[in-house]
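# Geometric and topological summary
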Amino acid sequence: RVSSFVRTSGFATIDTRKSVNALLNSPAQKMKESRNVGTLPLGTIFHSLTEKRSSIRLKVKQNSRAELTPSPPKQNQNQNKKKSSHNRKTALKWVVNNMERLAEEGDEQDRPSKELIATLRQLVYARTQTEVTEVGRLLESLGIQETESFATQERVMKAAAVAGLVKLSCDLLEHMLSQNHFPSPIAYVGVFHTLRQMGRVSKLEEFLYRLGEVRRNSSSSSSTSEGVDVVALNTYLAALCDQVTENGRQSSARHKRRFPSGYSSLRTACKWLRPGLANGILGTEPDVISYTTVMNAA
């Protein structure tokens with residue numbers, strides 16, 4: 001009757017029509033119509049309404065639990081930068097402590113100067129890139145290649161590579177190799193990591209071949225019998241594969257146009273996996289990480 005009145009009178013508002021439609025579509029009205037028509041028994045309709053009510057209660061309960069459960073914290077870019085700076089500061093502190101220990105307990109010819117240790121301590125507490133660059137200039141002015149021993153130069157080279165002083169670290173490595181001195185893996189692996197981050201693949205390849213040459217020609221260092229560290233080889237292979245991959249995924253078309261020599265770099269990386277090639281040049285064999293890095297890029 002109400003619906004017929006609404007349809008005939010036309011004076012009802014939109015809200016009244018919605019309420020009338022809701023009343024006509026209510027479960028009680030549907031049960032009444034089904035009972036009158038006889039299409040569904042009353043027990044079936046009551047059972048379906050009970051299931052629907054229980055499902056609604058379950059959804060409300062789940063939503064309330066989801067709201068109460070705290071979401072895991074997301075690490076933003078600033079937190080990643082703080083973490084990397086903290087690791088860099090820790091590595092520099094380790095180098096300075098090692099230098100102080102060398103000055104106290106090392107041989108007389110290997111002991112570093114106090115001025116050098118004080119300058120490296122300034123590098124630890126440098127916060128901005130300008131301060132790091134200024135400390136790098138102070139280190140270059142000390143003439144480390146002429147005044148300090150190879151043991152001290154290796155530690156300075158490690159600190160310079162960690163701090164991002166690429167020129168100083170590369171100059172120290174070139175000086176050692178020119179003097180036919182095979183440096184410690186801890187020192188030149190840090191330089192390799194820094195060069196890879198800068199994308200200087202040609203410089204990496206040059207240092208890798210020169211390390212292998214010094215290893216074959218020099219017999220004064222006991223570490224030459226062990227060959228070039230496999231981490232240095234893996235860093236060089238990863239730098240080659242960086243030309244093909246982008247953030248661990250297959251590179252986009254724009255990235256391929258930016259690095260047209262990517263596939264030639266991949267062929268170069270595959271060449272180093274040939275049996276006996278790396279052993280003949282570097283005195284070391286590729287490991288599982290070497291094969292995995294190249295296969296991921298391919």
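Every value quoted in this text rests on a predicted model; they were computed, and no experiment measured them.

What counts as what
Residues numbered from 1 in each chain as written. Predicted model: local features only at pLDDT ≥ 70, side-chain atom pairs only at ≥ 80, totals over all residues. Heavy atoms only, no water. Helix = DSSP H or I, 4+ residues; strand = E, 2+ residues; numbered from the N terminus. Buried < 20%, exposed > 50% of the residue type's maximum accessible area, 1.4 Å probe, protein only. Contact = heavy atoms within 4.5 Å. Polar contact = N/O pair within 3.5 Å; in protein donor to acceptor, adjacent residues only side chain to side chain. pLDDT = per-residue confidence, 0-100. Core = buried A, V, L, I, M, F, W, Y, C linked by side-chain atoms within 4.5 Å. Salt bridge = Lys/Arg side-chain N within 4 Å of Asp/Glu carboxyl O. Lys, Arg positive; Asp, Glu negative; His and termini not counted.

Along its length, the protein carries 17 helices and 2 strands. The burial tally for the protein puts 35% of its 298 residues in the buried class. Here the analysis covers contacts within the protein between residues at least 6 apart in sequence; of these, 64% occur between residues at least 24 apart.

Our focus in this paragraph is the side chain of His-181. Looking at the secondary structure, you find His-181 in the loop between helix H10 (166-178) and helix H11 (185-198). Within the structure, His-181 has its side chain in polar contact with the side chain of Glu-154 (distance 3.0 Å). Leaving out residues up to four positions away in the same chain, His-181 has contacts with Phe-150, Glu-154, Met-176 and Val-214.

On to the confidence of the model for the protein. With 63% of its residues at a pLDDT of 70 or more, the protein has an overall mean of 75. Confidence over residues 220-224 falls short of pLDDT 50; this stretch has 5 contacts with residues more than four positions distant or in other chains.

Okay, the nonpolar core next. Formed by 59 residues in total, the largest nonpolar core has its most connected members in Leu-120, Tyr-188, Leu-208 and Trp-272. Setting aside anything within four residues of it in sequence, one finds Leu-120 in contact with Val-96, Met-99, Leu-139, Val-156 and Ala-159.

By the element assignment, Leu-195 lies in helix H11. Under the relative-accessibility criterion, Leu-195 is labelled buried at 0%. On a C-alpha basis, the gap between Leu-195 and Ala-161 in space is 8.8 Å, while along the polypeptide they are 34 residues apart. In contact with Leu-195, other than residues within four places in its own chain, are Val-166, Cys-170, Arg-200, Lys-203, Leu-204 and Phe-207.

The next point concerns the pattern of salt bridges. In the structure shown here, the tally under the stated rule is 8 salt bridges. In this structure, the salt-bridge partner of Lys-167 is Asp-171, at a minimum N-O distance of 3.1 Å. One end of the pair is Lys-167 and the other is Asp-171, both in helix H10 and 4 residues apart, which spans about a single turn. Of the residues examined, Lys-167 reaches a relative accessible area of 55% and is grouped as exposed. Asp-171 gets classed as partly exposed once you look at its relative accessible area, which sits at 27%. Note that Glu-206 and Arg-210 form a salt bridge whose closest N and O atoms lie 3.9 Å from each other. On the criterion of helical spacing, the pair formed by Glu-206 and Arg-210 is a turn pair, its members being 4 residues apart in helix H12 (residues 201-217). For Arg-210, a relative accessible area of 23% corresponds to the partly exposed category. A single salt-bridge network, built from bridges that share partners, covers Glu-174, Lys-203, Glu-206 and Arg-210.

Secondary-structure assignment places Glu-154 in helix H9 (residues 150-163). Despite its burial, Glu-154 pairs with no opposite charge, the nearest such side chain being Arg-155 at 4.9 Å. A distance of 3.3 Å separates the side chain of Glu-154 from the backbone nitrogen of Ser-184, its partner in a polar contact. Each residue touching Glu-154, except ones within four places of it in the same chain, is listed here: Met-176, His-181, Phe-182, Pro-183, Ser-184 and Ala-187.

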